[in-house]
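Below are the chains, spelled out letter by letter.
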Amino acid sequence: MVRRSLLYCPGDDRSMMDKAVETAADTVIFDLEDAVAPGSKAAARERVASTLDALDDPTPSISVRINPYDLSGPEDVDAVVGDVNAPPDSIVLPKVDEGTPVETLSDHLADLGATDVDIIPLVETAAGVVAAEEIAAAPGVDAVAYGDQDFTADIGATVTDDKTESLYARQKVVVAAAAAGVDALDTVFTDIGDADGLREQTEFVVDLGFDGKLAIHPDQVPVINEAFTPADEAIEWAEDVLAGQERASEDGDGVFTVDGQMIDPPLVERARRIVERAEAAGVR
């Protein structure tokens, strides 16, 4: 599944949810947590549930961000998974500090007969970053997301333009996700009007190894999708590498060259990943 862009929209606004599904986002997240006022939580659950059942084979994958599991998370899951005919493809679980709440959610989904609903833990605290490996390896996890705003507030960091204060956290999430064989998803970019800043940050996290990025406005989706879609030159290089690797394998050679560059197994794996991303994005 390609998850370049994941677009949040408020779970208490049916119109916005309907519009979000029509965007080019790879995943749309109906949000029951931060985007919904405390007094509107119950009504939002009902609205998200009715929206889920009204969807007719949507193009993006559909996710729901529930509230923390030690708060109203269980009620959210019952409403948007247990009480609907068309459950979401995944559940975003916020404020995850350890593997236990993920395991509890996985058991809850199993009790509802919804083991095919994936879990995306949101790591956004110092404890969560420390426990990233445990969280990424928990049952049912298909991706791990990093939340920068809560994390920097939790550690008391000064937020800078180049985000050096969160570099360790981002790298830790990427490494933990890779070790567990799941996707790594980067935090939202909060300045909706700064497309250049979004592009720069997204290209940076692509280089770090992230697989996708969270978005808070439809205008951010094309910028994110473009950054996570391999360029033609990269695809051509990757195809040449894989073709060379096949020839080398037939000849019994361990290494080979492409355009004068020596290619070894790590570069072959990089080429394979580029091709997979291109295929998932529909450009190959």
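Residues numbered from 1 in each chain as written. Predicted model: local features only at pLDDT ≥ 70, side-chain atom pairs only at ≥ 80, totals over all residues. Heavy atoms only, no water.

The name an unreviewed UniProt entry gives the protein chain is CoA ester lyase, with Salinigranum rubrum as the organism. Recorded in UniProt for the protein chain, the comment headed Cofactor (unreviewed entry) runs: "Mg(2+)". (UniProt positions renumbered as here; feature names shortened; annotations may be inferred.)

(A) Region of the structure containing the sheet that holds strand β2 (residues 27-31). Pairing is parallel around the closed barrel formed by eight strands, whose spatial order is β1-β2-β3-β4-β5-β6-β7-β8. Sheet twist, expressed as the mean angle between neighbouring strand axes with direction ignored, is 25°. Here strand β7 (residues 183-186) runs beside strand β8 (residues 212-215); their pairing, made up of two bridges, is parallel. Its bridge partner being in β8, Leu185 is matched across the sheet by Gly212. Its contacts with the sheet put helix α1 (residues 14-21) on β1 (5-10), β2 and β3 (61-65), and the angle it makes with β1 is roughly 165°. (Pairing = 2+ DSSP bridges. Helix = DSSP H or I, 4+ residues; strand = E, 2+ residues; numbered from the N terminus. Axes fitted to C-alpha atoms, helices over the stretch in contact; angles between N-to-C directions. Contact = heavy atoms within 4.5 Å.)

(B) Layout of the nonpolar core. Grouped together as the largest cluster of nonpolar side chains are 58 residues, with contacts concentrated most on Phe30, Val64 and Val80. With sequence-adjacent residues up to four places away left out, Phe30 is seen in contact with Cys9, Met17, Val21, Val48, Thr51, Leu52, Leu55, Ile62, Ser63, Val64 and Arg65. (Core = buried A, V, L, I, M, F, W, Y, C linked by side-chain atoms within 4.5 Å. Buried < 20%, exposed > 50% of the residue type's maximum accessible area, 1.4 Å probe, protein only.)

(C) Region of the structure containing the packing of helix α2 (residues 41-54) against helix α3 (residues 73-82). Packing of α2 against α3 brings their axes to within 8 Å, and their N-to-C directions diverge by 30°. By the criterion of interaxial angle, the relationship of α2 to α3 is roughly parallel. The crossing of α2 and α3 is right-handed. Contact with α2, carried on its side by Arg45, Val48, Ala49 and Leu52, involves Glu75, Asp76, Ala79 and Val80 of α3 and no other residues of that element. Residue classes in the contact of α2 with α3 are distributed as five nonpolar, no polar and three charged. (Parallel < 35°, antiparallel > 145°, perpendicular 65-115°, else oblique. Left-handed = near helix turned anticlockwise from the far one by under 90°. Nonpolar A, V, L, I, M, F, W, Y, C, P; charged D, E, K, R; others polar.)

(D) The arrangement of the pairing of β1 in detail. Within β1, six of the six residues are buried, leaving the element largely enclosed by the surrounding structure. Here β1 shows a buried face lined by Ser5, Leu7 and Cys9 and a second buried face lined by Leu6, Tyr8 and Pro10. Of the strand pairs in this sheet, β1 and β2 are connected by five bridges, and their pairing is parallel. Residue pairing for β2: Cys9 is matched across the bridge by Phe30. Of the crossover connections in this fold, the one passing from β1 over α1 to the parallel β2 is right-handed. (Right-handed = clockwise from strand over helix to strand, strands pointing away.)

(E) Seen up close, the domain arrangement of the protein chain. For the protein chain, the assigned domains are domain 1 (5-228) and domain 2 (232-281). Here the C-alpha centre of domain 2 lies 33 Å away from the C-alpha centre of domain 1. (Domains from an automatic or database assignment.)

(F) Summary view of helix α4 (residues 100-111). For α4, with 12 residues, the first-to-last C-alpha span of 17 Å sits near the 16 Å given by 1.5 Å per residue. Residues of α4 that are buried: Pro101, Val102, Leu105, Ser106, His108 and Leu109. For α4, the arc enclosing every buried residue in end-on projection is 160°, short of the 170-degree limit, so these residues lie on one face. The inward-facing, buried residues of α4 abut α3, β4 (90-93), β5 (118-123) and α6 (132-136). (Expected span 1.5 Å × (residues − 1). Arc of directions from axis to C-beta.)

(G) Focus on the UniProt feature "domain: HpcH/HpaI aldolase/citrate lyase" (unreviewed entry) in the protein chain. Look at the UniProt record and you will see "domain: HpcH/HpaI aldolase/citrate lyase" (unreviewed entry) annotated at residues 4-218. As annotated, residues 4-218 has a helix share of 42% and a strand share of 18%, and its two end C-alpha atoms lie 13 Å apart.

(H) Just the packing of helix α8 (residues 167-180) against helix α9 (residues 195-208), in detail. Between α8 and α9, the least distance of the axes is 10 Å, while the angle of their chain directions is 50°. It follows from the interaxial angle that α8 and α9 lie oblique. Judged by the sense of rotation from one axis to the other, the crossing of α8 with α9 is right-handed. For the pair α8 and α9, the contacting residues are Leu167, Arg170, Gln171 and Val174 in the first and Gln201, Phe204, Val205 and Leu208 in the second. Residue composition of the contact of α8 with α9, by class: five nonpolar, two polar and one charged.

(I) Representation of α1 in the model. Listing the buried residues of α1 in full gives Met17, Ala20 and Val21. End-on, the buried residues of α1 take up no more than an arc of 100°, which puts them together on one face. Taking the backbone nitrogen of Ser15 as reference, a side-chain oxygen 3.2 Å away marks Asp13 as the first, capping residue of α1. (Polar contact = N/O pair within 3.5 Å; in protein donor to acceptor, adjacent residues only side chain to side chain.)

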